[in-house]
Every structure is written in C-alpha cells, then in structure tokens.
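Structural features, examined
Chain by chain, the residues:
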Amino acid sequence: MSKPNGVVAAFMLLLFLTSVVSPKLVVFGSSAHDDEDHEHGFKRPDPLRFKYYSGGYNVTNKHYWASAAFTGVHGYAIAAIWALSGLGFGLFVRLKSPGSGFFSDSDCCYVVMFLLVILFTVFTIVATGFVLKQNQSSLQRTNKLKNTILEAGQEMCSTIQRVINNMTLIQSQLLKYDKQTSLLLNVTIRRLGNESQTIQNFVHKNGHSIENGVHASQASHVVILSINLISVVAAIVLLLLHWHHGFITIIILCWILTTLCWVLTGFDFFLHNFADDTCSAFEDFEQNPQNNSLSVILPCMNSTHSDEVLSNIGYIIHKFISEINKNIELVYLSFGLHQQDDGLFGSGKICDPFSAANYTYVPEKCSKNDIQIGELPNVLSGFTCYGENSIKNCRRQGKFIPQNAYDKARAYSESVQGMLDIYPDLQSLTNCTIVKTTFSEVAVNQCTSFKFSIRLLWSWMLSLSIFMVALVISWVARAWQDKGRQFSRCSIIPNPPDRL
C-alpha cells in the first residue's frame, strides 16, 4: 500500500503546485498601468503569435483574448496529461494484463482501500454540490453586471432619441423663418441618429454575445458535473454489487469526465483572470477615463462629433439671443422704454447662458432680473399689434410690434427654449456621464462580489478535479485489487479460498 499511496500523494502535490502556485497577471485599461507592468515584467504569453501580449484590456483584440484564455493553460495541460496517461494505462492493461499480486491479500488492505474510495467519493459529491451552487451564483452576478452595463447603453439611446425628437420639432418650427439654422439642425439630428445606431449595435451585438457565452459556460458546468455525479454514485453501487465489467466502464467514463473537469478548471481560471482584468479596467477608468482602452467599446457618443454638436447649438443660441438683445436695446432707445419702470422687461436683457468665446454653457452668467428666453413671447404679446387692430390704434396703445414679427420671435424663442431644455441631456451624452456613473457603480458595488464569486467557482472546480483524480486512481487500484477474486453481494472483503 505504501508505494501506491506515495505515487498518489506526489501526483496530488504536482496538481496543487501547477494549478495554484502561478503568477497572477492582470492587464489594465490604461496605458500608464501597462507601462508600469512592463517595467516589472508582468506579461502574458500570446499563443497566436508565440510572443508576449503587451497591450491593455481590449475585448475587441483577439490577441488579448488569446493571452487571457492561455492563463488557464495549467488546467488544459493537466487535462491533456490525464487523457494521455489514461490511454497509456489502458494499452498497458490490455497488452500486459497484470495480475492483482501488487496488493496485499490481507482483509485490512481491502477495508482501507474501500474506505479511501468512500472518502474520495464523499469529497467529490460535496465539491460537486459547491461547484453547482457557485456556478449559479456566478451566473447571477455576471448577469447583474452585464445588465447594468447594457442598461446604461439603452438609457443613452433613450436620451439621444429624446434629444432627436425635440430637435426635429425645433427644426420644423424654424424651417419657415431660418432655413440655414434648420439645415444645421438637420445635420446635427443625422449625426445623433448615427451615434444612437452605434450604441444600439453595441447593446444588441455585445448583449447577445455575452448572454450566449455566460449561458454556454453555465450549461457546460451543469451537464458535465451532473453526468459526473450520476457516474460517481453509480460506481459505488456497482462496486458493492461487484459487477466488474460495469465498474470498469464507469472508470473509463469518469476518466474522460475528469479530463473535462480539468478543462473546466482551466477555463474557470481564465474567467477569474478576465474578471480581474475587467474590474481593474473599470477602476482605472474612474481615475483616467481619457486614456483608457474601454473607450474602444464604450456605448458613448463620439467625443469629436458630440463636442461639435454642443458647439453648434451654443453658437445658434448665443447668436439668436445676442440679436434679440441688440434689437431690444434699439427699441428701448427709440421709444424711451428704458425710462419706464413698468417691470415688464426687468433688466431689459434676455438671459444668454453661453459664453461668447467657445459657446460653453454657463447658466450662472444670467442674473435673476434677466428675462428667460421662454418668457419672451409673453413679454412681447403686450406690445404686439394683431391683425384685427388698425395701425393707428396699435400705436396709440403702444403696440408697435407687427404680428408676423411676433410669430417669428415666438418660433425662435420656443425653439431656443427647447434647445436649452435638452442641453443638459446633450452635456450628459457628451461627457458620457451615464456610462461613467455606471462604471463607477460597478467598480465600487459589484466588482468585489463578482471577482470573489468567480474565484470561488474556480477554487471549487480545482478541488473537484483533484478529488476526481484521486477517486479514479482509487477506483483503478480497487478494480485491480478485486480482479480474479470472488465476493459476496455488498461485501468489501473477498471470500476465503475454501468457499470458491
């Protein structure tokens, strides 16, 4: 017994060292972190080109995926070694047909071997239960993180659509009076539509890809472990019934399943590293959003186009309000309204929340006495000469603004007020506020539990794989030990020679 036990112990130690004691390589979203990693020698092998992957976190880069998947090579390698050793051992048994003389014939030897089988069986069943439980937990946390990010993209699409609808209404109001501005708005609407389509494509494509990947991983764990669990239980039954051929079949099946368990162990280690990479990119995004590889996949408006959209809107509003203020000033000077203290005009100036330099939105510029652009039609209506009144009556009543001029001013003021109403949404889109808030929420509230869940899944999967190796080896030893012996049903000790 000492020699087989020594071989098993050495093999268990090898599995532990190759699977657990390995460097933890994490890539970040920022090039600054990448440069720091390079200085310390943290690199990942890229099997696609037999070089080290030196880039950052980038899910659109096949070399990143290859290097990340390669981190599970320990599990894949052990799976290959285990499969090849099974083939080699099968050929050896087939050709040599060794006897059972390797083991002692004492009853104690049979009892100890059976107890080892029971012990590893219990360990395997318990580990299987924990893996299935943790697989479900990691699925829920992954879906929660995925939904949080995709919902941010959908919220941005809704915001853009709301802006487009308002701009379309504004464009229709201005079309009669200012074709140039209407055309400019039409260009802006088209660009916003393109951005919205890009975000929708991101949500649709990546949403389905992530969904398929997550469920494929979950389903593979459930299917393989369920078959493995049934086989382990069946092996105990066949062992007690002493159906040798059926027991050998279960050994072969579980040898294959153990190979698949090691493949899943390597895959789960890859998922563990990918979770670390993802959360590191989220955390780095908070500190350095401008120089981050997440910008490749962010469901955000293109910064160049969005800045141009805001600049155009700021220019339109600033130009319009400046013209109105000049006209109001001329009216005041012409009619002496600046000497009247009727309170209708307040400071006599329309609030212009945009700076003249770069048309940035600065609402603090306006004083409390300034007239809001949306209130301008109400102010002008008291000085408007409507069609049913004669010019003389209008002048006598101090109504000097023609109705067509009032209609034009009303269209412009309502359009400008509509633009001001949607401007915070536009700023949110430009600054990618929704996505930044979402990434911050994920990094602070979800990443720790997400990474811990994936790590637990890998840890229990590693434990299960090791237990399965020990269990299958103990089965082989038990089958070898029982070969050529006669047993009573449910007996673990062979019948003595005088009963054969």
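Read on for a plain summary of the structure. (Residues numbered from 1 in each chain as written. Predicted model: local features only at pLDDT ≥ 70, side-chain atom pairs only at ≥ 80, totals over all residues. Heavy atoms only, no water.)

Further remarks concern unusual backbone geometry. Residues other than glycine seldom take positive phi values, yet F50 does so here, at roughly 55 degrees. The topology assignment puts F50 in the loop between strand 1 (44-46) and strand 2 (51-53). (Helix = DSSP H or I, 4+ residues; strand = E, 2+ residues; numbered from the N terminus.)

For the rest of this paragraph, the subject is the pattern of salt bridges. Tallied over the entire structure, the rule returns four salt bridges. Across the pair R162 and D425 runs a salt bridge whose closest N-O atoms are separated by 3.3 Å. Highlighted residues: R162 in helix 5 (residues 107-174) and D425 in helix 11 (residues 403-430), separated in sequence by 263 residues. The partly exposed category is assigned to R162, whose relative accessible area is 39%. We note a salt bridge from E414 to R410, for which the minimum N-O separation is 3.1 Å. (Salt bridge = Lys/Arg side-chain N within 4 Å of Asp/Glu carboxyl O. Buried < 20%, exposed > 50% of the residue type's maximum accessible area, 1.4 Å probe, protein only.)

Together, L119, V122, F123, V126 and F130 make up an exposed nonpolar region whose accessible area comes to about 400 Å². Inspection of the secondary structure assignment puts L119 in helix 5. We classify L119 as partly exposed; its relative accessible area is 39%. (Patch = residues over 30% accessible without salt bridge, like charges linked within 9 Å, V, L, I, M, F, W, Y side chains within 5 Å. Areas by Shrake-Rupley, 256 points an atom, 1.4 Å probe, with all protein chains shown as cover.)

The next point concerns the packing of helix 3 (residues 62-70) against helix 7 (residues 244-287). Contact pair helix 3 / helix 7: the axes reach a minimum separation of 8 Å and the direction vectors enclose 130 degrees. The angle between the axes of helix 3 and helix 7 places the two elements in the oblique class. Contacts from Y64, W65, A68 and A69 of helix 3 reach helix 7 at F270, F274 and D277. Split by residue class, the contact of helix 3 with helix 7 holds six nonpolar, no polar and one charged. (Axes fitted to C-alpha atoms, helices over the stretch in contact; angles between N-to-C directions. Parallel < 35°, antiparallel > 145°, perpendicular 65-115°, else oblique. Contact = heavy atoms within 4.5 Å. Nonpolar A, V, L, I, M, F, W, Y, C, P; charged D, E, K, R; others polar.)

Here L184 is to be found in helix 6 (residues 179-241). If we ignore the near neighbours within four places in the chain, the residues touching L184 are N312 and I316.

With that settled, consider the packing of aromatic side chains. Enumeration according to the criterion identifies 17 aromatic pairs in this entry. Geometrically, the ring pair formed by W65 and F270 is edge-to-face, given 6.4 Å between the ring centres and 65 degrees between the ring planes. Residue W65 is found in helix 3, and its partner F270 is found in helix 7; the two are separated by 205 residues along the sequence. Taking the relative accessible area as the measure of exposure, F270 reaches 9% and is therefore buried. With a centroid separation of 4.2 Å and 15 degrees between ring planes, the pair formed by W82 and W255 is classed as stacked. Of the two residues, W82 is situated in helix 4 (residues 73-96) and W255 in helix 7; the sequence distance between them amounts to 173 residues. Judged by relative accessible area, which is 14%, W255 ranks as buried. Members of the aromatic cluster, connected to one another through ring pairs, are Y53, Y64, W65, F267, F270 and F274. (Phe/Tyr/Trp six-rings, centres within 6.5 Å; stacked < 30°, edge-to-face > 60°.)

Right, let's get into the side chain of T259. Turning to its location among the elements, T259 is positioned in helix 7. Polar contacts involving the side chain of T259 include one to the main-chain carbonyl oxygen of W255, which spans 3.1 Å. Every residue in contact with T259, bar those within four places of it in the chain, is listed here: A79, W82 and A83. (Polar contact = N/O pair within 3.5 Å; in protein donor to acceptor, adjacent residues only side chain to side chain.)

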